[in-house]
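Chains, contacts and geometry: an overview
Letter by letter, the chains look like this.
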Amino acid sequence: MEGELHFYEVLYYLTDDTMELVEEIVDETKVTGIRHKMVVRRQRLPTEGPWCLQPGYNVKQDILNVMSTNKNSFYYTMDTQIGDEQKVSYYHCTDLFIGQVLNVYGRSVVLFWCDECTKSFYRNVYRLETFDPIEAPKTMKEIEEEILNQKRVEIILKNYDEVLRKRLIKYGGTDIIFGFLIKMITDDPINRGRNFMLKYYLDDTEFAIYEYRETNSGMRGGMFRSKRGFSANQNPADLFIFHQLAVGINICIDEFKFTITDIDDKTLQFMMDNPKEVNMKKNQVTFNIKLILSVLTQ
């Protein structure tokens, strides 16, 4: 199948610097469960093309046909001009190491592991000490299974979020609005000092952003983002749900990055009443600070 991953056993013979590649194929009919298939027979493996050399590529001189006006008079002679000899480079044992990508007749083969005999040879001859294997590329079957499992998790989480949302609406009604004080994450000092209020509507999971009006700030304030859901081009990794919002969390909305700095009192009290359904552990510090400030101001 196109794009399928194959695993080969690469054998290198020190006696004549030849190599061969054998593919390991899972075969349940075999006793060992593995069937071996010869891919590249034992030969010196060139490092680069051309792979199909023309006849006479290694001949130093060419043969010329000498013809005359007489049709029956012709003979051969050697060309006095010596052509450029085509040099072919082959893989050597010094070219083989973990992580090396071999060019096997136009196909890339990655070396990701070696046996103990190979480690002993390179350790004694070339004084190498590190032979950490690299992570083998994933097969198409493994990639498809990961995508399928990811979709399953997304469906489970989506159903879980919907159950929580309906439970909170049943407890507090359909007019629940969470309020969070947010600041913009940017290198611009002017935008970094602007204060915003994120209002999250639990009934339809939509949200709006309002900017506080400050005197002599140069900013108009008011509506920054109208009440609506996520945009169609929103990065899926930046999507969030109500119970993920907490002080210190960074969020991204329409390519604007914000950090949550505070929670309004009504939202915090609602979270205290429903600690299992919302992210109360991260908001506990904010609640303690507000409680201390309220005591000090009395």
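Residues numbered from 1 in each chain as written. Predicted model: local features only at pLDDT ≥ 70, side-chain atom pairs only at ≥ 80, totals over all residues. Heavy atoms only, no water.

Looking now at the overall build of the protein. Within the protein, the regular secondary structure consists of five helices and 13 strands. Every one of the 298 residues in the protein was classed for burial, and the buried ones make up 27%. In the protein, the share of contacts with a sequence separation of at least 24, taken over all contacts with a separation of at least 6, comes to 45%. Looking at the protein as shown, the accessible area adds up to about 21500 Å², and 53% of this sits on carbon and sulfur atoms. (Helix = DSSP H or I, 4+ residues; strand = E, 2+ residues; numbered from the N terminus. Buried < 20%, exposed > 50% of the residue type's maximum accessible area, 1.4 Å probe, protein only. Contact = heavy atoms within 4.5 Å. Areas by Shrake-Rupley, 256 points an atom, 1.4 Å probe, with all protein chains shown as cover.)

A word on helix 4 (residues 265–273). Each full turn of the α-helix corresponds to 3.6 residues, which orients residues three or four apart in the same direction. Within the span of helix 4, buried status applies to Thr267, Leu268, Phe270 and Met271. Here the buried residues of helix 4 occupy an arc of 160 degrees about the axis, which is enough to place them on one side. Across helix 4 from its buried face, at more than 90 degrees, point the exposed residues Asp265 and Lys266. (Arc of directions from axis to C-beta.)

Summed over all chains, the structure comprises seven salt bridges. Two residues, Asp204 and Lys227, come together in a salt bridge whose shortest N-O distance is 2.7 Å. A residue pair is termed long-range when its members are at least 10 positions apart, and Asp204 in the loop between strand 9 (195–201) and strand 10 (206–211) and Lys227 in strand 11 (residues 222–228) qualify at 23 residues. The structure contains a network of salt bridges with shared partners spanning Asp204, Glu206 and Lys227. (Salt bridge = Lys/Arg side-chain N within 4 Å of Asp/Glu carboxyl O.)

Right, let's get into the state of the cysteines. Overall, the coordinates contain zero disulfides when judged by the stated rule. No disulfide involves Cys114; its nearest neighbouring cysteine sulfur is the one of Cys117, lying 10.0 Å away. The exposure class assigned to Cys114 is buried, which follows from its relative accessible area of 13%. Judged by its relative accessible area of 61%, Cys117 is exposed. (Disulfide = S-S within 2.5 Å.)

Counted under the stated rule, the structure contains 13 aromatic pairs. Summarising the aromatic geometry, the rings of Phe224 and Phe258 are spaced 6.3 Å apart at their centres and angled 90 degrees between planes, so their arrangement reads as edge-to-face. Of the two residues, Phe224 sits in strand 11 while Phe258 sits in strand 13 (residues 256–263), which places them 34 residues apart along the sequence. Clustering of aromatic rings is evident, with ring pairs tying together Phe196, Phe224, Phe256 and Phe258. (Phe/Tyr/Trp six-rings, centres within 6.5 Å; stacked < 30°, edge-to-face > 60°.)

Side-chain positions along a regular strand alternate between the two faces of the sheet. Here strand 9 runs beside strand 10; their pairing, made up of six bridges, is antiparallel. Looking across to strand 10, one finds that Lys199 is bridged to Ala208. The turn joining strand 9 and strand 10, which pair antiparallel and follow one another in sequence, is formed by four residues; a positive phi near 55 degrees is taken by Thr205. Across four bridges, strand 10 lies against strand 11 in antiparallel orientation. From the neighbouring strand, Ile209 faces strand 11, where its bridge partner is Arg225. (Pairing = 2+ DSSP bridges.)

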